[in-house]
Amino acid sequence: VTMTSSTPTMPAPATANTIEVLSDRVAVGWSDGSSDGFHHIWLRDNCGCAECRHVFVGERLSDPASIALDIAPSSVVGGDSVQIVWPGGHRSTFSSNWLRMHAYGPSASARRTSVFHYWTAAEVQTPPQMHFDDVMASDESLLEWLRLLRRFGFTIVKGVPTEPGTVTQLAQRIGNLRNSNFGLIWEVESMPKPESLAYTSVKLTAHTDLVSRESQPGLQFLHCLVNEASGGESILVDGFSVAEELKRQGPEHHATLSRVNASFRYQNDFTDVQASFPVVRLDHNNEYYEVRYSNALLAPLQCDPHDVGPFYAVYHYFSQILRDPKWEYSFRLEAGDCEVFDNRRVLHGRQEFDPQTGARHLQGCYVDTDDFLSRLRVLERTQDFRIR
Ligand code: OGA
Ligand code: ZN
Ligand code: ZN
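These numbers come from a predicted model, not from an experiment.

1. Looking at the coordination of the zinc ion (ligand 2)
Then, in step 1: Distances from the zinc ion (ligand 2) to its protein donors, namely Cys-47 (SG), Cys-49 (SG), Cys-52 (SG) and His-90 (NE2), fall within the range 2.1 to 2.3 Å.
Then, in step 2: Each of the four donor atoms around the zinc ion (ligand 2) contributes to a set of angles spanning 102 to 115°, which defines the coordination as tetrahedral.
Then, in step 3: Along the chain, the residues donating to the zinc ion (ligand 2) fall in the pattern C-x1-C-x2-C-x37-H. A residue pair is termed long-range when its members are at least 10 positions apart, and Cys-52 in the loop between helix 1 (40-45) and strand 4 (75-77) and His-90 in the loop between strand 5 (81-85) and strand 6 (91-95) qualify at 38 residues. Taken individually, Cys-52 and His-90 each receive the classification buried, so the pair is uniform in this respect.

Shown next, in the form of C-alpha cells:
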C-alpha cells in the first residue's frame, strides 16, 4: 500500500543455504526452501560498509556512476550473512535477514502479500479487537494492534474514555494527525448546517474518506462518544476482497475499474478539491494499491468517450457487490468503541438514524499510511537500524 508492495516488514528469519553466482546475479536458496535472485550491480550499489554509507545516519555516500554496470563478485560466501569480495578488494556483508527483507523477485512479493487477510463478513463476526488501556500502556500491545490493522485493514478498540478529544491520543500513539479542511479532529453528529453528508442523519453507503484529495488518508479513527439514537449501525467492507470477487466474476470489468479514472469533487464555501483516479488502483506488481470510492462525491466523468459505457457498467456492478451481506460487516458502535481502519482498503458507512430518538456523536481523525507503517517498522526492529 497502499501500502502494499513497497513496504517490507520483518519476514521470518532464514539462512542463506545455497549460493550460486550466475552471469548477472547471485541466486540465494533460503533455509525455508524459497529462493531469491540479487543482481550484481544491485548488491554492489547496496553495500552497507562504512565507505558506502555514513556509519551514524546510515545515508548513502557512494557515487553510483563509479560502479561498472557489468561488475561481478570475485567471491560470495553464504550463511547467516552473505559476504562478497569485489574485484579490487572492496568487501560487502549483507545479513540474510536484510537480504530477505529487500528481495524483489516473485517469491519475495508472495511473502509480502501473505501478511494480508482479505475477509468476508462471516470471518469478522468476532472482529479483531484491542483494549485502549493496553495499546496506550505497552509497546507489545501497540505492535499487536498495528499488525492486526495491517492484516485485516481494521480493528475495534474497546474502552476508549468518552472524554471528548481522546481519539487524538489514541491516533497519536501511532503517528501525526493528518489535517484537512475538516480540521485535525471532527465531530460526526446531525447538524443544522452540515458541511458533509456525514454530518446529517442519512444513511452513508460504504465509502472511503477524502476521495477528492490527491492522497486519501490512510488510517481513519471513528470514536463513539454517545450512541442513543435508533438506527445508525456501522458498516465495514473489505474493498480488496470485493475487488477480488469482481475479478472472479468479470475480469474485463476488473480491468476497466482499475484503468479508467473516476473523478471526485468536494466543495464548500472555502474549499474546492478535485482528484481523478481509478476506483481500484493497482501497483506496478498488479497488487492492490488502494480503493477510492464515494458515490456521494463522484464528479462528472471526464474519460475517453469509449470508456463511459464500460465504466458505468462496472461502477454499478461494484456498487452492488459492496452492499452484498457476504461482504458487508454490520455492527453497532457503542459509547467507548473506536473503529480504526485503513481508509484506502476498507470502506465504511452507517445506516440512517433517527436523531429524535436520542443523541449520536462520534469524533474522528486521520493518520497517514506513512506514519502508520513507520511506527510498525520501528516496533518490528530487532536490532539497531544502522547495523546490517
Ligand atoms: C464519516 C463517516 C460514519 C458514521 O464521518 O466519514 O463515514 O458512522 N461516518 O457516522
Ligand atoms: Zn562498501
Ligand atoms: Zn466517512
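2. Describing the packing of aromatic side chains
Think of a pair of aromatic rings as described by two things: how far the centres are apart, and how the planes are tilted against each other in angle.
Then, in step 1: All chains considered together, the criterion is met by 19 aromatic pairs.
Then, in step 2: Centroid distance Phe-154 to Tyr-329: 6.0 Å. Interplanar angle 45°. Geometry classified as tilted. Separated by 175 residues along the polypeptide, Phe-154 in strand 8 (residues 154-158) and Tyr-329 in strand 18 (residues 328-331) bring together distant segments of the chain. Here the two residues Phe-154 and Tyr-329 agree in accessibility, since each one is buried.
Then, in step 3: What links up through ring pairs into an aromatic cluster is the set Phe-38, Trp-42, Phe-94, Trp-98 and Tyr-104.

3. So, the nonpolar core
Then, in step 1: Membership of the largest hydrophobic core comes to 51 residues, with the highest contact counts inside it found for Trp-145, Leu-146, Phe-154, Leu-170, Ile-174 and Phe-221.
Then, in step 2: With seven residues, helix 5 (residues 139-152) is the single largest residue contributor to this core.
Then, in step 3: What Ile-174 contacts, discounting residues up to four positions off in sequence, is Leu-142, Trp-145, Leu-146, Leu-149, Leu-219, Phe-221, Val-367, Asp-371, Phe-372 and Arg-375.

4. Digging into the site of ligand 1
Then, in step 1: Around ligand 1, the structure places Trp-186, Val-188, Ala-198, Leu-204, His-207, Asp-209, Gln-220, Leu-222, His-348, Arg-350, Arg-360 and Leu-362.
Then, in step 2: Within the side chain of His-207, one N or O atom sits 3.1 Å away from an oxygen atom of ligand 1.
Then, in step 3: In the environment of ligand 1, an oxygen atom lies 2.8 Å from a nitrogen or oxygen atom belonging to the side chain of Arg-350.
Then, in step 4: Its free accessible area being 290 Å², ligand 1 has 97% of it covered by the protein chains.

5. A closer look at the environment of Arg-332
Then, in step 1: Take Arg-332: it is sitting in the loop between strand 18 and strand 19 (338-342).
Then, in step 2: Note: C-alpha distance between Arg-332 and Leu-373 (41 residues apart in sequence) is 28 Å.
Then, in step 3: A polar contact is formed between the side chain of Arg-332 and the side chain of Asn-227, at a distance of 3.2 Å.
Then, in step 4: Among the polar contacts made by the side chain of Arg-332, one reaches the main-chain carbonyl oxygen of Gly-231 at a distance of 2.9 Å.

6. Focus: the side chain of Arg-100
Then, in step 1: Assignment of secondary structure puts Arg-100 in helix 2 (residues 96-102).
Then, in step 2: On the basis of relative accessible area, Arg-100 is assigned to the buried category, the value being 3%.
Then, in step 3: A polar contact is formed between the side chain of Arg-100 and the side chain of Asp-32, at a distance of 3.2 Å.

7. Here we look at the pattern of salt bridges
Then, in step 1: Inspection of the entire model under this criterion finds 16 salt bridges.
Then, in step 2: Here Asp-24 ties to Arg-25 by a salt bridge, and the two come within 3.0 Å at their closest N and O atoms.
Then, in step 3: For Arg-25, a relative accessible area of 31% corresponds to the partly exposed category.
Then, in step 4: The salt bridge partner of Glu-380 is Arg-147, with a shortest N-O separation of 3.0 Å. Highlighted residues: Glu-380 in helix 10 (residues 369-380) and Arg-147 in helix 5, separated in sequence by 233 residues.
Then, in step 5: Using a relative accessible area of 43% as the deciding quantity, one classes Arg-147 as partly exposed.

8. With respect to a nonpolar patch on the surface
Then, in step 1: On the surface, Val-55, Phe-56 and Val-57 cluster together into a nonpolar patch covering about 300 Å² of accessible area.
Then, in step 2: With respect to the secondary-structure elements, Val-55 resides in the loop between helix 1 and strand 4.
Then, in step 3: Under the relative-accessibility criterion, Val-55 is labelled exposed at 59%.

9. Concerning the packing of helix 5 against helix 10
Then, in step 1: The geometry of helix 5 relative to helix 10 is characterised by a closest axis approach of 10 Å and an angle of 130° between their N-to-C directions. Judged by the inter-axis angle, helix 5 sits oblique to helix 10. The element helix 5 and its partner helix 10 pack so that their crossing is left-handed. In this structure, helix 5 contributes Asp-139, Leu-142, Leu-143, Leu-146, Arg-147, Leu-149 and Arg-150 to the contact, and helix 10 contributes Phe-372, Leu-373, Arg-375, Leu-376, Leu-379 and Glu-380.
Then, in step 2: Counted by class, the contact of helix 5 with helix 10 contains eight nonpolar, no polar and five charged residues.

What counts and how
Residues numbered from 1 in each chain as written. Chains lettered and ligands numbered in written order. Predicted model: local features only at pLDDT ≥ 70, side-chain atom pairs only at ≥ 80, totals over all residues. Heavy atoms only, no water. Donors = N, O, S within 2.8 Å, 3.2 Å for Na, K, Ca; no water. Tetrahedral: all angles 85-135°; square planar, octahedral: opposite > 155°, others 65-115°. Helix = DSSP H or I, 4+ residues; strand = E, 2+ residues; numbered from the N terminus. Buried < 20%, exposed > 50% of the residue type's maximum accessible area, 1.4 Å probe, protein only. Phe/Tyr/Trp six-rings, centres within 6.5 Å; stacked < 30°, edge-to-face > 60°. Core = buried A, V, L, I, M, F, W, Y, C linked by side-chain atoms within 4.5 Å. Contact = heavy atoms within 4.5 Å. Near = heavy atom within 4 Å. Polar contact = N/O pair within 3.5 Å; in protein donor to acceptor, adjacent residues only side chain to side chain. Areas by Shrake-Rupley, 256 points an atom, 1.4 Å probe, with all protein chains shown as cover. Salt bridge = Lys/Arg side-chain N within 4 Å of Asp/Glu carboxyl O. Patch = residues over 30% accessible without salt bridge, like charges linked within 9 Å, V, L, I, M, F, W, Y side chains within 5 Å. Axes fitted to C-alpha atoms, helices over the stretch in contact; angles between N-to-C directions. Parallel < 35°, antiparallel > 145°, perpendicular 65-115°, else oblique. Left-handed = near helix turned anticlockwise from the far one by under 90°. Nonpolar A, V, L, I, M, F, W, Y, C, P; charged D, E, K, R; others polar.

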